[in-house]
Amino acid sequence: MLAELFAVMAPVLAGAGLGFLWVRLGQPYPVDFVTRLVFNIGTPALVLASLSGATIDASTFGQVMLAAALVIVGMGAASFAVAKVLRRDWRVLIAPMMYPNTGNMGLPVVLYAFGSAGFAYGITVMVTVSLFQFTLGAVLSSQGNPVKTLLKTPTVYAIVISMALLLTETPLPLWMANTVDLMSGFTVPLMLITLGVSLASIQVKSLRSGVGFSLIRIPLAAAAAWFIAGWLGLPPLAQNILVVQMCMPVAVFNYLFAQRAQREPAYVASLVFCSTLMALFYLPALLALLM
């Protein structure tokens, strides 16, 4: 079991560690360009490549999306109570509570832990979190019209196409399948490297507050995901992946949104940094229970 867990975590540590060391050694890394490349080209290609050829039916796909959405909403509601416990503004905590790092860290962990069979479920959860983050998240951080943001997000169109293919049981043409498979190949490695770069660039001022937040959020997320997945009758594999994805550390995008909205970005940075470091310890234990 230890060898299996190390095999899962090693690529994550290697990718993020490479990005971290790259920046610490003074090498340039165009974060803005890479982020736009990943989200505008890599992620849509990954969604199409994973979902179009997945053995997941449209009904289960919809159930997993619903389950993830309910967990996100539940975590958002819980943020009001957590804000009182931690004596913080709920507007600062609601995004870190709702949006875990289901992309940069979640997808690699799901891929190496559960294989291609579970990867489609991991993609589904990541897509749901992204839809919430770039619509409701844009509203909460005052980032313009969320509808326009949604319409300018290529991943949304990849989801629509994938859903149409799932509903009609239509495979992608071979030339397109090969193309999106090739284009999706750079996505996960760049996600991990960018995660390391982001962690190296974040200035952390309070480790204690970040640790305290994570000790509250992770059990809440695990319990909510497990309960909702069971209530909706998700398959065991989908239930396990929902739990793992929703227990991922705080997404780096939360720090970027906090910075733009000027809502305690230094505090949110500590949540991102500490929760990511803590994930290296609690994720192996969680995977040992679920794998």
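Residues numbered from 1 in each chain as written. Predicted model: local features only at pLDDT ≥ 70, side-chain atom pairs only at ≥ 80, totals over all residues. Heavy atoms only, no water.

Participant: Before we move on, could you go through the nonpolar core and cite the residues and values that matter?
Facilitator: Counting residues in each nonpolar core, the largest one holds 60 residues, and the members touching the most others are Val71, Met105, Val109, Leu242, Val244, Met246 and Leu283. The set of elements that each furnish at least two residues to this core consists of helix H1 (2-24), helix H3 (58-86), helix H4 (90-98), helix H5 (106-133), helix H10 (187-201), helix H11 (207-232), helix H12 (236-246) and helix H14 (265-290). Sort the elements by how many residues they give to this core and H14 lands first, with twelve residues. Apart from residues lying up to four places away in sequence, Leu242 is in contact with Ala67, Ala68, Val71, Val125, Ala225, Ala229 and Leu234. Judged by nonpolar contacts, the second largest core, of 27 residues, contains Val34, Ala45, Phe61 and Leu107. (Core = buried A, V, L, I, M, F, W, Y, C linked by side-chain atoms within 4.5 Å. Buried < 20%, exposed > 50% of the residue type's maximum accessible area, 1.4 Å probe, protein only. Helix = DSSP H or I, 4+ residues; strand = E, 2+ residues; numbered from the N terminus. Contact = heavy atoms within 4.5 Å.)

Participant: Any details on the packing of aromatic side chains? Residues and values, ideally.
Facilitator: Taken as a whole, this structure holds one aromatic pair when the rule is applied. Seen from their ring centres, Phe80 and Trp90 are 5.0 Å apart, and the 35° between their planes marks the pair as tilted. Placement of Phe80 in helix H3 and of Trp90 in helix H4 is noted, with a sequence separation of ten residues between them. (Phe/Tyr/Trp six-rings, centres within 6.5 Å; stacked < 30°, edge-to-face > 60°.)

Participant: Describe H14, and please don't skip the residues or the numbers.
Facilitator: Where H14 bends most, the angle comes to about 45°, and this point is Leu280, followed within four residues by the proline Pro284. Within H14, 19 of the 26 residues are buried, which leaves it mostly tucked inside the rest of the structure. (Bend = angle between axes of the 7 residues up to and from the residue.)

Participant: An account of the pattern of salt bridges is requested, with residue identities and associated values reported.
Facilitator: For the structure on display, the rule yields one salt bridge. One salt bridge connects Arg91 with Asp89, and the closest N-O pair in it is separated by 3.0 Å. Arg91 sits in the partly exposed class, given a relative accessible area of 42%. (Salt bridge = Lys/Arg side-chain N within 4 Å of Asp/Glu carboxyl O.)

Participant: How would you summarise unusual backbone geometry if you had to cite specific residues and measurements?
Facilitator: At Arg87, a position not held by glycine, the phi torsion is positive, near 55°. Of note, Arg87 is situated in the loop between H3 and H4. Given a relative accessible area of 78%, Arg87 falls into the exposed group.

Participant: Describe the side chain of Ser79, and please don't skip the residues or the numbers.
Facilitator: Take Ser79: it is sitting in helix H3. Exposure remark for Ser79: the relative accessible area of 0% places this residue in the buried category. In this structure, Ser79 is in contact with Leu93, Ile94 and Met97, ignoring residues within four places of it in sequence.

Participant: Lay out the environment of Ile161 in plain terms, naming residues and giving numbers.
Facilitator: Within the element layout of this structure, Ile161 appears in helix H8 (residues 154-168). For Ile161, a relative accessible area of 41% gives the class partly exposed. When the C-alpha atoms of Ile161 and Leu51 are compared, they prove to be 9.7 Å apart, with 110 residues separating the residues in sequence.

Participant: Provide a residue-level description of the environment of Ala251, including the pertinent values.
Facilitator: Mapped onto the secondary structure, Ala251 falls in the loop between H12 and helix H13 (252-261). Taking relative accessible area as the criterion, Ala251 reaches 5% and is therefore assigned buried. As a C-alpha pair, Ala251 and Pro96 span 155 residues in sequence and 7.1 Å in three-dimensional space. Apart from the residues lying within four places of it in its own chain, the contact partners of Ala251 are Tyr99, Pro100, Asn101, Gln133 and Val272.

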